[in-house]
Amino acid sequence: SQELEQSPQSLIVQEGKNLTINCTSSKTLYGLYWYKQKYGEGLIFLMMLQKGGEEKSHEKITAKLDEKKQQSSLHITASQPSHAGIYLCGADASGGSNYKLTFGKGTLLTVNP
Amino acid sequence: NAGVMQNPRHLVRRRGQEARLRCSPMKGHSHVYWYRQLPEEGLKFMVYLQKENIIDESGMPKERFSAEFPKEGPSILRIQQVVRGDSAAYFCASSRTRTGVYNSPLHFGNGTRLTVT
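Thresholds applied
Residues numbered from 1 in each chain as written. Chains lettered and ligands numbered in written order. Predicted model: local features only at pLDDT ≥ 70, side-chain atom pairs only at ≥ 80, totals over all residues. Heavy atoms only, no water. Core = buried A, V, L, I, M, F, W, Y, C linked by side-chain atoms within 4.5 Å. Buried < 20%, exposed > 50% of the residue type's maximum accessible area, 1.4 Å probe, protein only. Helix = DSSP H or I, 4+ residues; strand = E, 2+ residues; numbered from the N terminus. Contact = heavy atoms within 4.5 Å. Phe/Tyr/Trp six-rings, centres within 6.5 Å; stacked < 30°, edge-to-face > 60°. Pairing = 2+ DSSP bridges. Salt bridge = Lys/Arg side-chain N within 4 Å of Asp/Glu carboxyl O. Buried area = accessible area lost by both parts, 1.4 Å probe. Polar contact = N/O pair within 3.5 Å; in protein donor to acceptor, adjacent residues only side chain to side chain. Nonpolar A, V, L, I, M, F, W, Y, C, P; charged D, E, K, R; others polar. Axes fitted to C-alpha atoms, helices over the stretch in contact; angles between N-to-C directions.

Draft legend 1. Fine view of the nonpolar core. If you look at the biggest cluster of nonpolar residues, it comprises 23 residues, and the most contacted ones within it are Trp34(B), Met46(B), Leu77(B) and Tyr90(B). Those elements giving two or more residues to this core turn out to be strand E3 (19–24), strand E4 (31–37), strand E5 (43–50), strand E7 (65–68), strand E8 (75–79), strand E9 (88–95) and strand E11 (112–116) of chain B. Apart from residues lying up to four places away in sequence, Met46(B) is in contact with Trp34(B), Tyr35(B), Arg36(B), Asp56(B), Glu57(B), Ser58(B), Gly59(B), Met60(B), Pro61(B), Phe65(B), Leu77(B) and Tyr90(B). If you look at the next biggest cluster of nonpolar residues, it comprises 21 residues, including Leu4(A), Trp34(A), Leu46(A) and Ile76(A).

The following block contains the structure:
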């Protein structure tokens, strides 16, 4: 079955620093979704990647999907305390159902002022 | 434009009681999905419903769990005779169409945190 590995599991950075979170799959991804979850709250949709080599940016967050469509990275530039939270990658590996997303366990990001 | 609304936010039940979790999808969304997040585990798909129909319940435990999405009103996830292992965060998501790579992404609610004592 599809499994997603996220690394690192947790990350502490100083405000203003850049950081990268990775999401790796053992199977080809047909769609890759990045969400942010604040502790005890719901998931906020960040970005959706579809094609190999695709890259999307929103404000200071950039997400890429590699050519083989088995790995995605989320990069935050000049981190701020508001970026703190749990980042989750979710993927559809079925190539068909599209609603049964598999999620990684998340990366806990702490940004120290 | 209200998002996906779930209630209650927190629910405490004793073992053997019933838990009812409610989800109102975003306006204009007719597809509802329930996911469960167990401690130390990732979100896992439970069930997909459209109005009055269960489309896919392959992720739902076979016993004690049921879901519905009636013509009128919210979607309900019902857990009968709860046990400690049911303690988790239950998230509902909705989409305008059947979601997927070329369609709308899932929009999640804030979840219901169920604690079984």
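Now that the structure has been shown, we can carry on.
Draft legend 2. Layout of the packing of aromatic side chains. On inspection of all chains with the given rule, the structure shows eight aromatic pairs over all chains. Geometrically, the ring pair formed by Phe103(A) and Tyr35(B) is edge-to-face, given 5.8 Å between the ring centres and 85° between the ring planes. Highlighted residues: Phe103(A) in strand E10 (residues 102–103) and Tyr35(B) in strand E4, drawn from two different chains. An identical accessibility class is assigned to Phe103(A) and Tyr35(B); each is buried. A centroid spacing of 5.8 Å and a plane angle of 75° characterise the contact between Tyr35(B) and Phe45(B), whose relative ring orientation is edge-to-face. Linking Tyr35(B) in strand E4 with Phe45(B) in strand E5, this pair joins segments that are 10 residues apart in sequence. Among the aromatic residues, those joined into a cluster by ring pairs are Tyr35(A), Phe45(A), Phe103(A), Tyr35(B), Phe45(B) and Phe108(B).

Draft legend 3. Layout of the pairing of strand E9 (residues 85–92) of chain A. Residues and elements named next belong to chain A. For E9, the buried fraction is high: eight of the eight residues fall into the buried class. Note: strand E4 (residues 31–37) against E9, seven bridges, orientation antiparallel. In the strand pairing of E9, Lys-36 is matched with Tyr-87. Sheet analysis places E9 next to strand E11 (residues 107–112), joined by three bridges and oriented antiparallel.

Draft legend 4. View of the pattern of salt bridges. Residues and elements named next belong to chain B. According to the stated counting rule, one finds six salt bridges over all chains in the structure shown. We note a salt bridge from Glu-18 to Arg-20, for which the minimum N-O separation is 2.9 Å. We note a salt bridge from Asp-86 to Arg-64, for which the minimum N-O separation is 2.7 Å. Pair noted here: Asp-86 is in the loop between E8 and E9 and Arg-64 is in the loop between strand E6 (53–56) and E7, with a separation of 22 residues, a long-range link. With a relative accessible area of 3%, Asp-86 lands in the buried category. Judged by its relative accessible area of 24%, Arg-64 is partly exposed. Connected through shared salt-bridge partners, Glu-18, Arg-20 and Arg-78 make up one network.

Draft legend 5. Layout of the interface of chain A and chain B. Each partner contributes residues to the interface: chain A has 23 residues there, and chain B has 25 residues. Summed over both partners, the interface of chain A with chain B buries about 1900 Å², with 56% contributed by carbon and sulfur atoms. Of all residues in chain A, Leu43(A), Tyr99(A) and Phe103(A) give up the largest surface area on contact with chain B, accounting jointly for 31% of the area buried on that side. Scanning the region where chain A abuts chain B turns up one salt bridge. A salt bridge links Asp56(B) to Lys100(A); the nearest nitrogen and oxygen atoms lie 3.2 Å apart. Summed over the shared surface of chain A and chain B, the result is seven residue pairs in polar contact (both at pLDDT 80 or more). Looking at the side of chain A that touches chain B, the elements with two or more residues in it are E4, strand E5 (43–49) and E9 of chain A. For the side of chain A that touches chain B, the class distribution of residues is 10 nonpolar, nine polar and four charged.

Draft legend 6. Looking closely at the sheet that holds strand E7 (residues 61–65) of chain A. All names here are of chain A. Read across the sheet, five strands follow the order E1-E3-E8-E7-E6 without closing on themselves; strand pairing throughout is antiparallel. Two strands in the sheet have a free side with no partner beyond their single neighbour: strand E1 (4–7) and strand E6 (55–58). Taking each pair of neighbouring strands and ignoring which way they run, the sheet shows an average axis angle of 15°. Relative to strand E8 (residues 71–76), E7 runs antiparallel, the two being bridged by five bridges. Along E8, the bridge assignment pairs Leu-65 with Ser-72.

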